[in-house]
Amino acid sequence: TGKILSQEETQLRPDGVLQSYTWSQTQEGTQFSLLLADKKWVMNFNGKKATLSLPRHPERVVPPPLLAEHLIKEWSKNEALKELHFELLVPDRMETFSFVFQRQKASPGATTWVLSPTNFFVKLVAGEIPFVFDEGKNLLEIQDFRPPVKFKGEEGGLKEVKTSLKFSAPLKG
């Protein structure tokens, strides 16, 4: 219908540390915000507030829209990179979870990295998600994932939709 379902905005400091992040999900009316202030993150999810101290490596905390960009940046620094460990910000839980990107296979013209949670229980919910890149480190496809946006089903209730994204104009590395 042309209606915006979800909108995100991310700001990073020059050293790569997350400065602020906002996420609005318009169908459910949910909003999340995170702001770096006094070496702590102040988070707000639908009026519920929390404060977290910065982790030892705050540059490793990645919000969802920067997953591929973070991998591309680190992979470009080290062509031999096989694994990339980081903390994924999970807005609706107001916390981070440890994830790893693992280089799985290279085929002519493409390299696949698989995103996996390191926690067994989180893996049961999130599963593993393949990211496919071309030779120039441009993101071509994200395969078989469940986006955080829930869609209204025919019965009127909200449901998750497992999907794949293919980019006609790949995200540039």
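Residues numbered from 1 in each chain as written. Predicted model: local features only at pLDDT ≥ 70, side-chain atom pairs only at ≥ 80, totals over all residues. Heavy atoms only, no water.

Draft legend 1. Inspection of the environment of Leu139 at higher detail. On the secondary structure map, Leu139 appears in strand β11 (residues 139-145). We classify Leu139 as buried; its relative accessible area is 2%. For the pair Leu139 and Ala68, spaced 71 residues apart in sequence, the C-alpha separation works out to 7.3 Å. (Helix = DSSP H or I, 4+ residues; strand = E, 2+ residues; numbered from the N terminus. Buried < 20%, exposed > 50% of the residue type's maximum accessible area, 1.4 Å probe, protein only.)

Draft legend 2. Inspection of the pairing of strand β4 (residues 40-45) at higher detail. Only one face of β4 is covered, namely the face carrying Trp41, Met43 and Phe45; the face carrying Lys40, Val42 and Asn44 is uncovered. Bridge analysis of strand β3 (residues 30-37) against β4 gives 6 bridges, and the strand direction is antiparallel. Bridging across to β4, Leu35 finds its partner in Val42. Between β3 and β4, which pair antiparallel in sequence order, lie 2 residues; one of them, Asp38, sits at a positive phi of approximately 55°. The turn linking β4 back onto strand β5 (residues 48-53) is made up of 2 residues, and Asn46 within it adopts a positive phi angle of 55°. (Pairing = 2+ DSSP bridges.)

Draft legend 3. Spotlight on the nonpolar core. Counting 23 residues, the largest nonpolar core has Leu67, Phe86, Phe101, Leu115, Phe131 and Phe133 as its most contacted members. Elements represented by at least two residues in this core include exactly α1 (67-77), β7 (83-90), β8 (95-107), β9 (110-117), β10 (129-134) and β11. Top contributing element to this core by residue count: α1, with 5 residues. Once residues lying within four places of it in the same chain are set aside, the contact partners of Phe133 are Ala68, Leu71, Ile72, Trp75, Gly109, Ala110, Thr111, Trp113, Asn138, Leu139 and Leu140. Grouped together as the second largest cluster of nonpolar side chains are 13 residues, Leu18, Leu34, Met43 and Leu89 included. (Core = buried A, V, L, I, M, F, W, Y, C linked by side-chain atoms within 4.5 Å. Contact = heavy atoms within 4.5 Å.)

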